[in-house]
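Single-letter residue listing:
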Amino acid sequence: MTIAAPEHLGERGRGRPAEQHVRRRELAAFLRSRRERVTPEQVGLPRGPRRRTPGLRREEVAQLSAVGVTWYTWIEQARATQVSAQVLDAVARALLMDPAERAHLFALAGTTDPRTEAECTLAPKSAIKVVERLAPYPATLQNARYDILAANRPFAQVFGDPAELAAADRNCLWLLTTSERWKRDFLDRDEMLRDLIAKYRAGMAEHVAEPVWKQQLDRLLRASGEFRALWERHEVAPMSPHVKRYRHPVVGLIRLEHRTMWLAPQTPAYRVVVYVPADEDSEERLERLAQATDGRAAE
C-alpha cells in the first residue's frame, strides 16, 4: 500500500501545490506522447481493423503494465496526486522507454527510480578525454557516490592506480576509510574522512531509496567502526574547494587544492575532480614525479 506524503514533504519533486499541478500535467503529456508512439505490433498485440488511435490505447497500456485502467487514466489526465515507483517502473517497461526517457519519467513524478544501475563501470568517452587532457595535474572522473570512473596518469602516479583495484574498491570514500596507503600518506586524512562522510550524507538525501547507494553504505558500515561512528553523527557539508597535504614517498610533501566541475545536470551526474598544486613547490614536485616516471618507462 502506498501512503501519500504531504505536498510540502517527501522525496525530491514534491513541493508546492502549484508546482505539483505543473508536474502532473507534464507527466500526463509525456505518457500520452510515449503511448502514441508505440505500435501494437511492438508489444505483441493485434492491431485490429477498427483502430483509429495512434499507437496504443490506455487500456492496453494498463493491461501490459498490470495497472488498473482507471488509475492509469487518472495519471494521463493529471488527476493522480502521487504515482508509486512500482507503477512508474511497470509503465516505463510497457511503453518500451529507453534510459533517458525512463529518467525523465521518474524526474517528472518526483520519485526515485528503484532499479539498480551498474553505472560505476561506465563513463562517457568525451568525459574521459577531459580527464586525460588535464595532465600534468592529477584528475579523476567520479559520480555522485565518489566512485572513480576514470583517472589520468598523474593521479595514478600520486595516489595509486585505481585500475589495479577491484571494481567495488574504486571509490574515494572506501579508499579513505580502508586503504593503508591513503591513511598513511594523506596528512589530513582524519579531517578529510569526516568531511567526505558529511558530503556523502548530504548527497545521499536525494538517493536514499536507491539500492546501489544503500549497498555502498552498508559495505562501509560493515567494514569500519570508525566510519560507523562518524556516520552516526549525522553531519552534512557542502561541496567546496579545499587544500590537502599529501606525503609522496618519492618527491615528498605535495599540497593540492581539490577543484570540482560538474559536467552536466543529468542522471547519472558526473564530476571531474582536479587536484591543482597549491604552491610552486608542489607544482615542481609534481613535474619531477612525472619526469621520474617517464624515465623509468623509457628504460
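As shown above, the structure is provided for reference.
Below is a short write-up of the structure. (Residues numbered from 1 in each chain as written. Predicted model: local features only at pLDDT ≥ 70, side-chain atom pairs only at ≥ 80, totals over all residues. Heavy atoms only, no water.)

### Overview of the overall build of the chain
Scanning the chain from N- to C-terminus turns up 13 helices and 5 strands. Split by element, the accessible area of the chain, about 16300 Å² in all, is 52% carbon and sulfur. (Helix = DSSP H or I, 4+ residues; strand = E, 2+ residues; numbered from the N terminus. Areas by Shrake-Rupley, 256 points an atom, 1.4 Å probe, with all protein chains shown as cover.)

### Examining the nonpolar core
Soluble globular proteins tend to pack their nonpolar side chains together in the buried interior. In terms of nonpolar packing, the biggest core is built from 33 residues, with F159 and L173 touching the most fellow members. Mapped by element, the contributors of at least two residues to this core are α7 (153-159), α8 (172-178), α10 (189-204), α11 (211-223), α12 (225-231), β4 (252-262), β5 (270-277) and α13 (280-298). If you tally residues by element for this core, the top one is α10, at 6 residues. Residues in contact with L173, not counting those within four places in the same chain, are Y146, L193, L196, I197, Y200, L220 and F227. In this structure, F30, L56, V83 and A92 belong to the second largest nonpolar core, which totals 24 residues. (Core = buried A, V, L, I, M, F, W, Y, C linked by side-chain atoms within 4.5 Å. Buried < 20%, exposed > 50% of the residue type's maximum accessible area, 1.4 Å probe, protein only. Contact = heavy atoms within 4.5 Å.)

### Examining helix α3 (residues 69-76)
Turning to α3, its buried residues number three or more, namely Y72, T73, I75 and E76. Down the axis, α3 shows its buried residues gathered within 155° of arc, on one side only. In this fold, the buried residues of α3 make contact with α1 (17-37), α2 (58-65) and α4 (85-94). Among the residues trailing α3, A78 stands out with phi positive, at a value near 65°. (Arc of directions from axis to C-beta.)

### Remarks on the pattern of salt bridges
With the rule as written, the count across this model stands at 21 salt bridges. The closest approach of N and O atoms between E101 and R37, which form a salt bridge, is 2.5 Å. A residue pair is termed long-range when its members are at least 10 positions apart, and E101 in helix α5 (residues 99-109) and R37 in helix α1 qualify at 64 residues. The partner of R57 in a salt bridge is E60, with the nearest N and O atoms 3.5 Å apart. Accessibility expressed as a relative area gives 9% for E60, which makes it buried. (Salt bridge = Lys/Arg side-chain N within 4 Å of Asp/Glu carboxyl O.)

### Points about the packing of α4 against α5
Packing of α4 against α5 leaves a shortest axis separation of 10 Å and a crossing angle of 150°. One way to sum up the angle between α4 and α5 is to call them roughly antiparallel. Between α4 and α5 the crossing geometry is right-handed. In this structure, α4 contributes A85, L88, D89 and A92 to the contact, and α5 contributes R102, L105, F106 and A109. (Axes fitted to C-alpha atoms, helices over the stretch in contact; angles between N-to-C directions. Parallel < 35°, antiparallel > 145°, perpendicular 65-115°, else oblique. Left-handed = near helix turned anticlockwise from the far one by under 90°.)

### Things to note about the packing of aromatic side chains
Within the structure shown, the criterion is met by 12 aromatic pairs. Note on F155 and Y275: the rings are 5.7 Å apart at their centroids and 50° apart in plane angle, and the pair reads as tilted. With F155 in helix α7 and Y275 in strand β5, this pair connects stretches of sequence that are 120 residues apart. Per residue, the accessibility class of F155 equals that of Y275, and both read buried. Ring plane angle 15° and centroid distance 5.9 Å describe the contact between F227 and W231, whose orientation is recorded as stacked. Remark: W231 and F227 occur in helix α12; sequence separation between them is 4 residues, near one turn of the helix. (Phe/Tyr/Trp six-rings, centres within 6.5 Å; stacked < 30°, edge-to-face > 60°.)

### Regarding the sheet that holds strand β2 (residues 148-151)
Taking strand neighbours across the sheet as the criterion, the 5 strands line up as β2-β1-β5-β4-β3 in an open arrangement whose pairing is antiparallel. The sheet terminates laterally at β2 and β3 (242-248), the two strands that pair on one side only. Between one strand axis and the next, the sheet turns by 30° as a mean value, whatever way the strands run. Examined bridge by bridge, strand β1 (residues 139-143) and β2 share 3 bridges and lie antiparallel to one another. Considered in β2, the bridge of L141 is made with A150. Sitting on the sheet, helix α6 (residues 125-133) is in contact with β1, β2 and β5, with an inclination near 150° to β1. (Pairing = 2+ DSSP bridges.)

### Remarks on the side chain of D147
If you trace the backbone, D147 turns up in the loop between β1 and β2. Classification of D147 as buried rests on a relative accessible area of 7%. For D147, the side chain forms a polar contact with the side chain of R145, separated by 2.9 Å. Reaching out from D147, the side chain makes a polar contact with the side chain of N171 at a distance of 2.9 Å. (Polar contact = N/O pair within 3.5 Å; in protein donor to acceptor, adjacent residues only side chain to side chain.)

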